[in-house]
Amino acid sequence: MIAMLLAGGQGSRLGVLTARVAKPAVAFGGKYRIIDFPLSNCINSGIDTVGVLTQYQPLRLNTHIGIGIPWDLDRNIGGVTVLPPYEKSANSEWYTGTANAIYQNLTYIDSFNPDYVLILSGDHIYKMDYEVMLDFHKENHAEVTIATMPVPMEEASRFGIVITDETGKIQEFEEKPEVPSSNLASMGIYIFNWPLLRQALSELSDQPQCDFGKHIIPYCHDLEKPVYAYEFNGYWKDVGTLGSYWEANMELIDIIPEFNLYEEFWKIYTNSDIIPPQYISEQSIIERSIIGDGAEICGEVRNSVIGSGVTIGEGAIIRDSIIMKDVEIGAGCVIEKSIIAESAKIGERSTLGIGSDAANKIKPDVYSFGLVTIGEDTIIPADVLIGKNTAVSGITSREDYIDGMLESGETLIKAGEQL
Amino acid sequence: MRAVGIILAGGNNRKMKELTAKRATAAMPIAGSYRSIDFALSNMSNSHVQSVAVLTQYNTRSLNEHLNSSKWWDFGRKHGGLYVFTPTITNNNSDWYRGTADAIYQNIEFLKRCHEPYVIITSGDAVYKLDYNKVLEYHIAKKADITVVCKHLETGEDASRFGTVKLDEDMRIEEFEEKPMVAASNTVSTGVYIIRRRQLIDLIEHCASEDRYDFVNDILIRYKNLKNIYGYKIESYWSNISTVDAYYKTNMDFLKPEVRNYFFKQYPEVYSKVSDLPPAKYNPGAAVKNSLISSGCIINGMVENSVLFKKVFVGNNCVIKNSIILNDVYLGDNTYIENCIVESRDTIRANTRYVGEKEIKVVVERNERYGM
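Residues numbered from 1 in each chain as written. Chains lettered and ligands numbered in written order. Predicted model: local features only at pLDDT ≥ 70, side-chain atom pairs only at ≥ 80, totals over all residues. Heavy atoms only, no water.

Undergrad: What should I look at first to understand the environment of Gly-315 of chain A in this one?
TA: Residues and elements named next belong to chain A. With respect to the helices, strands and loops of the structure, Gly-315 is situated in the loop between β20 (311-312) and β21 (317-319). We classify Gly-315 as exposed; its relative accessible area is 51%. Residues Gly-315 and Ser-284, 31 residues apart in the sequence, show an inter-C-alpha distance of 7.9 Å. Ignoring sequence-local partners within four residues, the contact set of Gly-315 consists of Cys-298, Gly-299, Gly-332 and Cys-333. (Helix = DSSP H or I, 4+ residues; strand = E, 2+ residues; numbered from the N terminus. Buried < 20%, exposed > 50% of the residue type's maximum accessible area, 1.4 Å probe, protein only. Contact = heavy atoms within 4.5 Å.)

Right under this line is the structure:
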């Protein structure tokens, strides 16, 4: 079995966090990136051939994956291959949909001539043994198996829902139904018999924005091929929104987290270029937090996830926040419920996350949950106040803040930055 | 780089007490995330030395495990690479390495098959950063036969556990005493040498033909007046770890911002084998002051002025002061540890108390460990 990992999505609901990186390359849990989870699952499940399909802002993703050394995917045969869209003699196009991306790489899969192909997406946090799923697939003589998990009935309308018989065979699909008739949600993880998938992709090659959920699976179902639902009951988290991203990070801090990174079994691997230990100074207070390698902490940190190489100045107070790699936080800052992306610099004595709960004026559906979101490489001057449900990106100076304050609900994106 | 490297990592030092019971000094963990040999290896790699031989014989398991792949130090190359040589039985030899010169002699084939004109010899038990290219330039400019890298120790530091040297105005070594009873000079040899490869082969073969085995006594000291042996002084941080006190002090030095900055932040980097551990975790009850904490640690208690290596578990109400806790140690609840070095993979039972009274205590406690 070989795996195809879809990592081309932008993840626009993560706002400024994905302005310059694809969602799978967004940092998670102090030292990881989201794509580490499916990649580690692959190698832990014994899958050593993985094609990673990239499209949106792939630089960070490419450098992170490299030749796959951290995941032991640097192989003589197989290993990890990054597959970007490419020009063809006729009909060159971007990847227009999930299935279209696979279709454009038929030759890659054909070169391994696999029996089964596993389709994964690069934006979920979970530990899963794909081999167990494959056993299930074989046992049932299925031609397609969809990984599903039970979700609360009230949330079911956000997902693709499957309705199965008692053996797990799928009878019907509902895509984001108003009134769901089951609570088994598709996780976007599929195992296909390669001949069937190949046939479906070729047949539907003219389908615009060809998608697994919308086109390929219904196609297989209509052919009356056996399509099964594999029920997964472990931890699985879609980190598609800022709120769920923040929540999933915060869950790691629990004394015995539901999603435990400290188990010997099923390790999560990552490309960590920062080796030294972290230094905690005389004045610091740290509680209920996780902190990455090479960080230098001189302030107070509570309920937070701090990435590698972060510097926190004297007297700074960090609460309920996610601080990514190489961020510098000046002395005397107060930072509450914020997400600060990589290499940002926060000037001394600035305060983030105060004031009213006013909704964001431009993108209320993205910048909500009372979070302050700071983009990559952003610079925030000293002595400014930033309210809730805000986003800041780019090199800002004091003039950008009216009376030294960015009110709740405002968005400050400097010229040259994408919204 | 026009030199090959040799790292002498064979040794064990009785002054390290229990700490080297299970590993060679070169494999001693340093500064939370490193091992002693990483510094020499990173220097080699950063000086663009392509072939490096590590000569080792004492309890090599830990060292071999650390060196299981050369890619961490960027030696996974088509040309050259990292070679680990332990003593082997051959047609004309069945001895262990009887000394540093003998260790090189037994692997003389490695030297004979290289094409680089120079050899850099260093030990695996020192913490330092050095660009060997600079030393080589100096060596060539001085037309030296052998260049010895020297360090002037601060007053108060004990020079008598090193080879002490006395230099003339031209930096030529006038006197060289190995581990003198009373040190006449505060300038010591760091155990880093540069020498022409042909010259080294001749000296080593001649030495072996006289049944002499030690590089310092039988080559450096014996040839002192015959050959041009020069000293190259370094001013930067250099620390040898081969006593319990020196080992403790070297680790504690990393609590100083200037030392951390020099090794962790300034170019070039020190490389080490990557262990896939999650970030350190601070639970309620954690109170950490002026300490280094490595990845994989879970902290529920108090840690002060200490260095915690990887994957240390600190139980509830523990107090750790002025101590070094090596890799993968489990400290049960209410443990009190002060002025100690706790050996790696120890499991300390709850309510235990260890205090180093007059000197640093090395704690070795093996207990059954239950799943965490």
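Okay, back to it.
Undergrad: Can you walk me through the sheet that holds strand β20 (residues 313-314) of chain B in this structure?
TA: The strands making up a sheet associate through backbone hydrogen bonding, with each pair oriented either parallel or antiparallel. Reading across from one edge, β33(A)-β31(A)-β28(A)-β25(A)-β22(A)-β19(A)-β16(A)-β14(B)-β17(B)-β20(B)-β23(B)-β26(B) is the order of the twelve strands in this open sheet, with mixed pairing throughout. The sheet is open, and its two edges are formed by β33 (411-413) of chain A together with β26 (347-348) of chain B, each paired on a single side. (Pairing = 2+ DSSP bridges.)

Undergrad: Looking at this structure, I do not really get the interface of chain B and chain A. What am I missing?
TA: Each side of the interface is counted separately: chain B has 39 residues, and chain A has 42 residues. Taking both sides of the interface into account, the surface hidden between chain B and chain A amounts to around 3100 Å²; carbon and sulfur atoms contribute 51%. Put simply, chain B and chain A have three salt bridges between them. Linking Lys-71 of chain B and Asp-74 of chain A is a salt bridge whose minimum nitrogen-to-oxygen distance equals 3.3 Å. (Buried area = accessible area lost by both parts, 1.4 Å probe. Salt bridge = Lys/Arg side-chain N within 4 Å of Asp/Glu carboxyl O.)

Undergrad: How do you make sense of the environment of Thr-187 of chain B when you look at a structure like this?
TA: All names here are of chain B. Of note, Thr-187 is situated in strand β11 (residues 187-196). Judged by its relative accessible area of 7%, Thr-187 is buried. The spatial distance from the C-alpha of Thr-187 to the C-alpha of Asp-38 is 25 Å, given a sequence separation of 149 residues. Filtering out sequence-adjacent residues up to four positions away, Thr-187 remains in contact with Cys-150, Lys-151, His-152, Gly-163, Thr-164, Val-165 and Lys-233.

Undergrad: Help me understand the state of the cysteines, please; the structure alone is not making it clear to me.
TA: By definition, a disulfide links the sulfur atoms of two cysteines through a covalent bond. Residue and element names in this part refer to chain B. Tallying each qualifying case throughout the model produces zero disulfides over all chains. Summary of cysteine pairing: Cys-207 is not part of a disulfide, and the nearest cysteine sulfur, belonging to Cys-114, is at 20 Å. With no disulfide partner, Cys-297 has as its closest neighbouring cysteine sulfur the one in Cys-318, 13 Å distant. (Disulfide = S-S within 2.5 Å.)

Undergrad: I keep staring at the packing of aromatic side chains and nothing clicks. Help me out?
TA: Any pair of aromatic rings gets described here by the distance separating the centres and the angle formed by the planes. All names here are of chain B. Tallying each qualifying case throughout the model produces 28 aromatic pairs over all chains. Their ring planes at 25° and their centres at 5.6 Å tell us that Phe-254 and Phe-264 sit as a pair that is stacked. Placement of the pair is Phe-254 in the loop between α8 (244-253) and α9 (257-265) and Phe-264 in helix α9, with a sequence separation of ten residues. Judged by its relative accessible area of 0%, Phe-254 falls in the buried class. Between Tyr-262 and Phe-263 the ring centres are 4.9 Å apart and the planes differ by 70°, which places this aromatic pair in the edge-to-face class. For the residue pair Tyr-262 and Phe-263, the accessibility class agrees, reading buried in each case. Taken together, the ring pairs connect Tyr-34, Phe-39, Tyr-237, Phe-254, Tyr-262, Phe-263 and Phe-264 into an aromatic cluster. (Phe/Tyr/Trp six-rings, centres within 6.5 Å; stacked < 30°, edge-to-face > 60°.)

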